[in-house]
2 protein chains.
Amino acid sequence: MKRNFLIASVVLLTSMALSASAPADFELPDPHPASLEAWSQVTAPSIGWGSTDHRYKLNEVPATSKTLNLYGWRGERVNAQAVVMAPKGGTISFSVSDLRCGKATIAASAINRYFVRYIMSDSFRNIHGKEDHGNHMTASFDSVLVADRLSPQATLKAAPQTLRPLWIEINIPADATPGKYRGTLTATVDGTEMTLPLSLTVGKRQLPKPADWKFHLDLWQNPYAVARFFDVPLWSKEHFDLMRPLMEELANAGQKVITASIIQHPWNSQTEDPFESMIGKHKSIDGKWSYDYRVFDRWIEFMMSCGITKQIDCYTILPWHLTFEYFDEARNCTIQKRLEPGSKEYEEYLLPMLTDFAAHLKSKGWFDITCIAMDERPKNLLEPAYEIIYKSDNHWLIEGAINYYGPEVSERMYDISFLYNQPLLEGEQLSNHLAKGNKITFYTCCVPEFPNTFTFSAPSESTFLGWHAAAAGYSGYLRWAYNSWVKNAWQDSRFRTWAAGDCAITYPGGSSIRFKRLVEGIQDYEKIAILRGELKGKKLERLESQLEKFTPTVIAEGFGFDQLVDESRTLLRSLE
Amino acid sequence: MKRNFLIASVVLLTSMALSASAPADFELPDPHPASLEAWSQVTAPSIGWGSTDHRYKLNEVPATSKTLNLYGWRGERVNAQAVVMAPKGGTISFSVSDLRCGKATIAASAINRYFVRYIMSDSFRNIHGKEDHGNHMTASFDSVLVADRLSPQATLKAAPQTLRPLWIEINIPADATPGKYRGTLTATVDGTEMTLPLSLTVGKRQLPKPADWKFHLDLWQNPYAVARFFDVPLWSKEHFDLMRPLMEELANAGQKVITASIIQHPWNSQTEDPFESMIGKHKSIDGKWSYDYRVFDRWIEFMMSCGITKQIDCYTILPWHLTFEYFDEARNCTIQKRLEPGSKEYEEYLLPMLTDFAAHLKSKGWFDITCIAMDERPKNLLEPAYEIIYKSDNHWLIEGAINYYGPEVSERMYDISFLYNQPLLEGEQLSNHLAKGNKITFYTCCVPEFPNTFTFSAPSESTFLGWHAAAAGYSGYLRWAYNSWVKNAWQDSRFRTWAAGDCAITYPGGSSIRFKRLVEGIQDYEKIAILRGELKGKKLERLESQLEKFTPTVIAEGFGFDQLVDESRTLLRSLE
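Residue numbers run consecutively from 1 along every chain, following the written order of its sequence. Chains carry letters and ligands carry numbers; both start at the beginning, A for chains and 1 for ligands, and go up in the order they are written. Owing to the predicted nature of the model, reporting of local features is limited to residues with pLDDT of at least 70; listing and counting of side-chain atom pairs is limited to 80 or more, with chain, interface and lining totals taken over all residues. Heavy atoms from the whole structure form the basis of all side-chain values; hydrogens and water molecules are not counted.

(A) The arrangement of the overall build of chain A in detail. What chain A contains, in helices and strands, is 12 helices and 26 strands. Radius of gyration: over C-alpha atoms. The globule rule applied is 2.2 Å multiplied by the number of residues raised to the 0.38 power. For chain A, the C-alpha radius of gyration of 25 Å lies close to 25 Å, the compact-globule estimate for 576 residues. In terms of overall dimensions, chain A has a C-alpha envelope of 80 × 65 × 45 Å along the principal axes. Per-residue accessibility, obtained with a 1.4 Å probe over protein chains only, is compared with the maximum for each type, and a residue is labelled buried under 20%, exposed over 50%, and partly exposed between these values. Taking all 576 residues of chain A together, the buried fraction comes to 59%. We call two residues contacting when some pair of their heavy atoms lies within 4.5 Å. Contacts spanning at least 24 positions in sequence make up 74% of the contacts within chain A whose residues lie at least 6 apart. Counting from the N terminus, the helices are DSSP H or I runs at least four residues long and the strands are E runs at least two residues long.

(B) Molecular detail of the sheet that holds strand E14 (residues 257-261) of chain A. All names here are of chain A. Strand order in the open sheet made by the 8 strands is E13-E25-E24-E23-E22-E21-E18-E14, with parallel pairing throughout. Two strands bound the open sheet, and with one partner strand each, they are strand E13 (216-219) and E14. Between one strand and the next, the sheet's axes are offset by a mean angle of 25°, whatever the strand orientation. Two elements, strand E23 (residues 415-419) and strand E24 (residues 439-444), share 5 bridges in a ladder whose sense is parallel. If you follow Asp415 over to E24, its bridge partner there is Lys439. Only strands joined by at least two bridges in the DSSP assignment are considered to pair. Axis lines are fitted to C-alpha atoms, over the contacting stretch for helices. Their N-to-C directions set the angle, which ranges from 0 to 180 degrees.

(C) Inspection of the packing of aromatic side chains at higher detail. Between rings of Phe, Tyr and Trp, where Trp is taken as its six-membered ring, a pair exists when centres lie within 6.5 Å; planes separated by under 30 degrees are stacked, by over 60 edge-to-face, and by other angles tilted. Enumeration over the complete set of coordinates arrives at 81 aromatic pairs over all chains. Three or more aromatic residues link up through ring pairs in this structure, and these residues are Trp220, Tyr224, Trp235, Phe240, Trp267, Phe275, Trp299, Phe302 and Tyr315 of chain A. Between Lys362 of chain B and the ring centre of Phe367 of chain B, over which it is positioned, the NZ or CZ distance is 4.7 Å. The criterion for a charge sitting over a ring is simple: Lys NZ or Arg CZ within 6 Å of the ring centre, and within 35 degrees of the ring normal. When the ring centre of Tyr71 of chain B is taken as origin, the NZ or CZ atom of Arg573 of chain B, which lies over that ring, is 3.8 Å away.

(D) Structural context of the interface of chain B and chain A. Taken together, the contact pairs 21 residues of chain B with 21 residues of chain A. A 1.4 Å probe defines the accessible area here, and the buried area is the portion of it lost by two parts on being joined, summed over both. Summed over both sides, the interface of chain B with chain A buries roughly 2100 Å², with 52% coming from carbon and sulfur. Note on definitions: salt bridges are taken to be side-chain nitrogens of Lys or Arg within 4 Å of carboxyl oxygens of Asp or Glu. Among the salt bridges present, the one from Arg294 of chain A reaches Glu329 of chain B, with a minimum N-O distance of 2.6 Å. By the criterion applied in these results, polar contacts are pairs of N or O atoms within 3.5 Å in which, for protein atoms, one can donate a hydrogen and the other can accept it, and in which residues neighboring in sequence qualify only through two side-chain atoms. At the surface where chain B touches chain A, the tally comes to 9 residue pairs in polar contact (both at pLDDT 80 or more). Where the side of chain B that touches chain A is concerned, the elements lending two or more residues are strand E16 (280-283), helix H4 (294-305) and strand E20 (333-338) of chain B.

(E) Here's a closer look at the state of the cysteines. In what follows, a disulfide is any cysteine sulfur pair within 2.5 Å. For the structure shown, the criterion picks out 0 disulfides over all chains. A disulfide-free cysteine, Cys306 of chain A has its sulfur positioned 17 Å from the sulfur of Cys314 of chain A, the nearest such atom. Classification of Cys306 of chain A by relative accessible area gives buried; the value is 7%. Among the cysteines around Cys333 of chain B, which has no disulfide bond, Cys333 of chain A carries the closest sulfur, lying 12 Å off.

(F) View of the relation of the copies chain B and chain A. Superposition record for chain B on chain A: RMSD 0.1 Å, screw rotation 180°, translation along axis 0.1 Å. Read as a symmetry element, the transformation amounts to a two-fold axis. Nearest to the rotation axis, the C-alpha of Thr334 of chain B is located 2.8 Å from it, this being the minimum over chain B. A share of 100% of the interface residues of chain B reappears at the interface of chain A, consistent with the copies meeting face to face through the same patch. When the copies are superposed, the least-squares fit draws on C-alpha atoms of residues that have pLDDT of at least 70 in both.

(G) Looking closely at the pairing of strand E16 (residues 280-283) of chain A. Residue and element names in this part refer to chain A. Pairing of E16 with strand E17 (residues 289-292), which is carried by 4 bridges, proceeds in the antiparallel orientation. Following the sheet pairing, Lys281 is matched in E17 by Tyr291. Where E16 folds back onto E17 in an antiparallel hairpin, the turn is made up of 5 residues, including Gly287, whose phi is positive at roughly 85°.

(H) Molecular detail of the side chain of Asn438 of chain A. All names here are of chain A. For Asn438, the position within the fold is in the loop between helix H8 (427-435) and E24. Reaching out from Asn438, the side chain makes a polar contact with the backbone oxygen of His433 at a distance of 3.1 Å. Beyond its immediate chain neighbours, meaning those up to four positions away, Asn438 contacts Ser410, Met413, Tyr414, His433 and Ser475.

(I) Just the side chain of Ser261 of chain B, in detail. Residues and elements named next belong to chain B. Relative to the elements of secondary structure, Ser261 occurs in strand E14 (residues 257-261). On the basis of relative accessible area, Ser261 is assigned to the buried category, the value being 0%. Look past the residues within four positions of Ser261 in its chain and what remains in contact with it is Tyr224, Pro266, Phe275, Glu276, Ser277, Met278, Ile279 and Tyr315.

(J) Just the pairing of strand E10 (residues 162-171) of chain A, in detail. Residues and elements named next belong to chain A. Burial of E10 is extensive: 9 of the 10 residues sit out of reach of the surface. Taken together, the 10 bridges between strand E3 (residues 77-86) and E10 define a ladder with antiparallel strand orientation. If you follow Val84 over to E10, its bridge partner there is Arg164. Relative to E10, strand E7 (residues 111-121) runs antiparallel, the two being bridged by 5 bridges. Among the inter-strand pairings, Arg113 is bridged to a residue of E10, identified as Ile168.

(K) Examining helix H11 (residues 537-547) of chain A more closely. All names here are of chain A. All of the buried residues along H11 are Leu543, Gln546 and Leu547. Buried residues in H11, looked at end-on, bunch into an arc of 105°, giving them a common side. Residues of H11 that are buried in the fold lie against helix H9 (459-472), helix H10 (513-534) and helix H12 (561-575). Working note: the arc is built from the helix axis to C-beta atom directions.

(L) Highlighting empty space enclosed by the protein. The distinction between a cavity and a pocket rests on a 1 Å grid over the protein atoms alone: a 1.4 Å probe fits inside a cavity but cannot get out, while a pocket stays open yet meets protein on both sides within 12 Å along at least five of seven lines, and a residue with an atom within 4 Å of a point counts as lining. Grid points are joined across faces, edges and corners, and a volume is the space filled by probe spheres set on the points. This structure, assessed with the given rule, holds 6 cavities of 30 Å³ or more. Reported here for the largest cavity is a volume of approximately 80 Å³. What lines the largest cavity is a set of 13 residues, and nearest its centre among them are Val486, Ser493, Gly501, Ala504 and Tyr507 of chain A. Residue type decides the class: Asp, Glu, Lys and Arg count as charged, Ala, Val, Leu, Ile, Met, Phe, Trp, Tyr, Cys and Pro as nonpolar, and the leftover types, Gly among them, as polar. Counted by class, the lining of the largest cavity contains 6 nonpolar, 4 polar and 3 charged residues. Within this model, the second largest cavity holds a volume of roughly 60 Å³. Every residue lining the second largest cavity is listed: Trp485, Val486, Ala489, Asp492, Ser493, Gly501, Cys503, Ala504, Thr506, Tyr507 and Arg514 of chain B. For the lining of the second largest cavity, a count of residues per class yields 6 nonpolar, 3 polar and 2 charged.

(M) Geometry of the environment of Tyr443 of chain B. Residues and elements named next belong to chain B. Residue position: Tyr443 is located in strand E24 (residues 439-444). Assessed through its relative accessible area of 6%, Tyr443 is described here as buried. The residues touching Tyr443, leaving out its near neighbours within four places in the chain, are Glu376, Ala401, Ile402, Ser417, Phe418, Leu419, Tyr420, Tyr477 and Leu478. A polar contact is formed between the side chain of Tyr443 and the side chain of Glu376, at a distance of 2.7 Å.

(N) Representation of unusual backbone geometry in the model. A cis amide bond, omega -5°, links Val447 of chain A with the succeeding residue Pro448 of chain A. With respect to the helices, strands and loops of the structure, Pro448 of chain A is situated in the loop between E24 and H9. At the junction of Phe450 of chain B and Pro451 of chain B, the peptide bond is cis and its omega measures out at -10° in the coordinates. Among the structural elements, Pro451 of chain B can be located in the loop between E24 and helix H9 (459-472). For Glu376 of chain A, which is not glycine, the phi dihedral falls at a positive 55°.

Here it is in structure tokens:
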């Protein structure tokens, strides 16, 4: 029987790969299904609370609880996960009641409900966290089906002998009355109704609005992926309508930075949907340059309308390929020219463009928040780039993910990012840079293995990131991909390069466990910042000593994230 | 000694290939130099008349003549070739005196003077004339240095033991007094002066102006090659200034057709400089199409100012690659889309473009002379193309080089071309098509081996082409490349595909023996047309019977072109 199942899986996987041009809301079969033996004990549908730390396997029979006690500040978002067992399959739906505390109510409408969906992933075999650029289909990665996507759909049809995790996110109103609220989660499987009680204690403290969070969140957005995935015209009303919930959720996570591509393919074409240039560069027949900012303006204005207003990062004048494009009206086509930084041709192309761009940004009132962004470029390229930037305008801000440090870096870069576990600025350098009003973030990307936000990463690793930023004294966190969705993003998070999930921390038309847990860590960062400002003596010492555990050296082997995050959040609550 | 020379040649050839980014006025060494033994008899510079049928080898010691008797109609152009022997080398210059006949004079300024320059060529080994797309560097082609380029330079430095051919072209004024003119060619080698007498008999008949020639000459022009070769901006004043003498010489050969590329790379990128689109196609952010005709208009207006005014051929809506480009303002880059003729997408792209283009052409007064041109496409592609063309405007003219024939071809195509020795229309079909005011041309390209206009072809083969058109009753001749110059066009006519010289029948800043001899054949075509209208009885029979020799079956082996053309021109004169 199991053998037959596996054969069927292979057939199905193959046919999916061949047919999946348009995304559809199916799931790929699990290449490593759990044993079905335990299901012989499960005869009727049932429900229980699970843990948000756990990615439930589709066929497991997990231990669950009938009670759940949540805690949060006013204005905080709190997550919970329940599990429905469907021994005979069936159509599942669920709802959550209003939460009540005496006369006070948190309305059901403040609670987001999601079905947890299954996504194909792989794994990171190199236990030492080194990058492996091998093809994910080779032996160096193995495919696994993981619970990660959060889909806001109304119902879900479950196959027999499967469980279905349900995810809820309670948005505690900023003006909620403190106290213990009670409510009920009700699920039905083919009409069979089951209920689970729920309690939420709302504390007296209030978390600021996400727009006021100090955490400098910089997840790069890819509008091109949205247009392609939903097959809508770029920058059309449909496109913006589809992007709005996606980008509003990002704004609500405290995102500060709008990602803008001012040149074609700043990072080659490393994503399924390469970033095109949001600025048109036109060389007229008589050799004159003109620039078209219509796309750039629409994008920035849209993102600001979603609530992301603090910073605009413009990638880049140092693309990896060093190839620069423009539309040549004499040839009626786009020309790609390789220009060496420091050369006359590099300056001739960039200086008029940056000068014109600075003037345009000033006319829009955006110049003071706009950075020219440069990603992981070596010193010999950065130097001539700085030169052109300042030649065009002495007041440009610069952002950079750096992989070396010299004094000129912090002199010139407003916003610096470096890799987790390779801190290039520490101690006095770090505090001096921040004292000038600058930003410092750390980033994870295809490395390290732990902590990270791959689809196979432990959910608590996402939460760890906010704690790590707080522990190291960073402004926040940078990730190169909020939504550079892979081809069949609803089914499969694997990609031709890098471990699964690296390209996107969220999904089309929904969210992810990883993203919800990341926001928890950011909320914790805000709480820590508030408490650091208030606590004194032993209490402060206890907090700082707990934070010291959030360093690369303490967490190196990839285990214990759940416990560490859990004990730290418990401590945090006790220190309030 | 000879061995050393060859080794030096190889070294030089290699270094040329490596360094020749900018063209320079040198010549490559002859890989097969003639024996220098005969030079022991040549001790002083000398001069003699040669034959325009002959490509003199740089080191040969040829038989020459001290006398030359030319003949031409008023308004005709007449060529002659002299040879200077330079046993010790030296700087050569030459001039031609006014030609006098009693009180009448043909001014020296009516005589174009050129040094004949040496060009690397290859050969067409496949004696049966079949196409060989092999790399010219392989054994299937062998390199030879040939005399072909005509350079109007004032002086030339000759190496010791070389000859230098001199070429003159006498433009007999249309109003010249008939009679026998005499003059002198004077050459100096390092100051040593030599003279050659010259006589020209001007007949009573007058050739019409080239603009009025009936011959339908269609040599495709490549403006992109000119900009690249001389490294000037496309469509700049410098570019047009460099193109003017080139295109005026073409107009003076009776050219009727302006070649326009309305799509990117209509023939893939088969030439050193691919044809870009002269029409910009822009898709705005809101999905609307607009078209930019500035380049197209500049090109057409320029070509008309050069004297080519009868027809505009627009390549194409059936490019070989079936890939169609446009500038996408949403992505700020050129998009290439493969569109299948007959598909909805093909129509969606082309119909608005052709409709707009027709309106633009009408506003310029050009619609009635503009053809949509389609080159060697099969019936299953032509049918959907016709459909879109006529859907956009029922009165479009169509031009096509065809390789099949059906009744719908002559119904739809105004201007039809087919390959030499594969006449698809003959007899009644041919005369019916022409009777409606249509055009029929034949073409040569990479085939046949004979007659053709490769750099190694016998010069008389070029003249043969006009005679063949007259014999077969065609409107004229089509060649796919007037000036699609190869990389180092001043030195080397070889190309990665096709036999040498196929890409261009002329040279930058000058002309060629092939081109001058082609014009002779066109002039003969005009003379034949005039005489056919006048001659009767035996004389007409003699002419027609001579013309019957200009068929593929009579001239199949590649020999006898010189004699055939010569005897035919003598006959023509006798029939006047």
